[in-house]
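# Geometric and topological summary
Residue strings, one per chain:
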Amino acid sequence: MTALVAAIIAGAALACFVLACLCRRKLAVEDENAYRLAHDSKGPIANRSRLLLLRRTRKSRADARSRQIADVLPLAAEMLRGGSSPENAFATVAASANWPLGEELLQVAREVSSANRTLAQALGSLAQRTQDPDLDLLASAVAVQKEGGGNLAGILDSLAENAQKRSEMKGHLDAITSSARMSAALVGSMPPAMLALLSIASPAYLEDFWASGLWAPILLVVAVLDISGLALIKRLYRLDFS
């Protein structure tokens, strides 16, 4: 029996190791900066909590930015058709845009006005900092128009349409996978919930279980398998639009 329990624990540990290797992803530049910033705190729990908070904040900024780009670019395109320069058009829409895109475009406007940088260079720096594919396309479009000319307003309209379609697709896929994520959370929470319920409602039912020497390794195996399953489901339903 002891050998069987040891084999189960070893197998669960090996499964967790393989799962961790499969789920490992290469961090982007912004994730690496967040990781270094998080480790300025003291203690592993504080480090991990701060890192998770920074990643969640980065994701919320990216989601809000992708929605706002589709609204901001048509306004800039209309100003270009009205005779404004690209620099003035983006500075104007930056003043009226909401967080976070408004703040980021204001930084671009400050770089253009005070740092003697071109609009394409400032937008390129913004795209590199945010790792946003729409901003990267925008910076490339402005740079190409600056060098060779062309209808920048039409390009902005096309970029806005693409950003809108990407945002709608992301919302659609989030809605489709939300039920699966909810089911995974419900199923994953059932083992500890049932154990707690039985311990409170009918302690005598678990007397033999607690009296045996196997309760600790059994609970360990259950916890490892439960967490591994939740991590795998989270990995399967992770959406990447970069």
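Now for a description of the structure that goes with this document.

What counts, and where the lines are drawn
- Residues numbered from 1 in each chain as written.
- Predicted model: local features only at pLDDT ≥ 70, side-chain atom pairs only at ≥ 80, totals over all residues.
- Heavy atoms only, no water.
- Helix = DSSP H or I, 4+ residues; strand = E, 2+ residues; numbered from the N terminus.
- Buried < 20%, exposed > 50% of the residue type's maximum accessible area, 1.4 Å probe, protein only.
- Areas by Shrake-Rupley, 256 points an atom, 1.4 Å probe, with all protein chains shown as cover.
- Salt bridge = Lys/Arg side-chain N within 4 Å of Asp/Glu carboxyl O.
- Axes fitted to C-alpha atoms, helices over the stretch in contact; angles between N-to-C directions.
- Parallel < 35°, antiparallel > 145°, perpendicular 65-115°, else oblique.
- Left-handed = near helix turned anticlockwise from the far one by under 90°.
- Contact = heavy atoms within 4.5 Å.
- Expected span 1.5 Å × (residues − 1).

## Notes on the overall build of the protein chain
Helix and strand counts for the protein chain stand at 10 helices and 0 strands. Helices (α) and strands (β) of the protein chain occur, in sequence order from the N terminus, as α-α-α-α-α-α-α-α-α-α. Among the 242 residues that make up the protein chain, the fraction classed as buried is 26%. Roughly 15300 Å² of accessible area belongs to the protein chain as shown, and the carbon and sulfur atoms make up 62% of that amount.

## A word on the pattern of salt bridges
Summed over the entire model, instances satisfying the criterion amount to 8 salt bridges. Across the pair R65 and D132 runs a salt bridge whose closest N-O atoms are separated by 3.4 Å. Of the two residues, R65 sits in helix α3 (residues 44-81) while D132 sits in the loop between α6 (119-130) and α7 (133-148), which places them 67 residues apart along the sequence. On the basis of relative accessibility, which here comes to 6%, the residue D132 falls in the buried class. When the shortest N-O distance is used, the salt bridge between R129 and E111 registers 3.8 Å. Of this pair, R129 sits in helix α6 while E111 sits in helix α5 (residues 101-114); the two residues are 18 residues apart in sequence, bridging distant segments of the chain.

## Remarks on unusual backbone geometry
Going from W99 to P100, the amide bond is cis rather than trans, its omega being 5°. Considering the arrangement of structural elements, one finds P100 in the loop between α4 (86-96) and α5. Of note in the backbone geometry, Q131 takes a positive phi value of approximately 55° without being a glycine. As for its position among the elements, Q131 is in the loop between α6 and α7.

## Thoughts on the packing of helix α8 (residues 152-201) against helix α10 (residues 215-236)
The interhelical angle for the contact between α8 and α10, taken along N-to-C directions, is 165°, at an axis separation of 9 Å. By the angle between their axes, α8 is roughly antiparallel relative to α10. Read as a crossing pair, α8 and α10 show a hand that is left-handed. Of the residues in α10, those touching α8 at A184, A185, G188, P191, P192 and L195 are L219, V222, D226, L230 and I233.

## What to know about the side chain of T130
Relative to the elements of secondary structure, T130 occurs in helix α6. T130 gets classed as buried once you look at its relative accessible area, which sits at 11%.

## Concerning α5
Helix length check: α5, at 14 residues, gives a terminal C-alpha distance of 20 Å against a target of 20 Å (1.5 Å per residue), a fit within 8%. What α5 keeps buried is the set L101, G102, E104, L105, V108, E111 and V112. N116 occupies a position one or two residues after α5 and carries a positive phi of about 55°.

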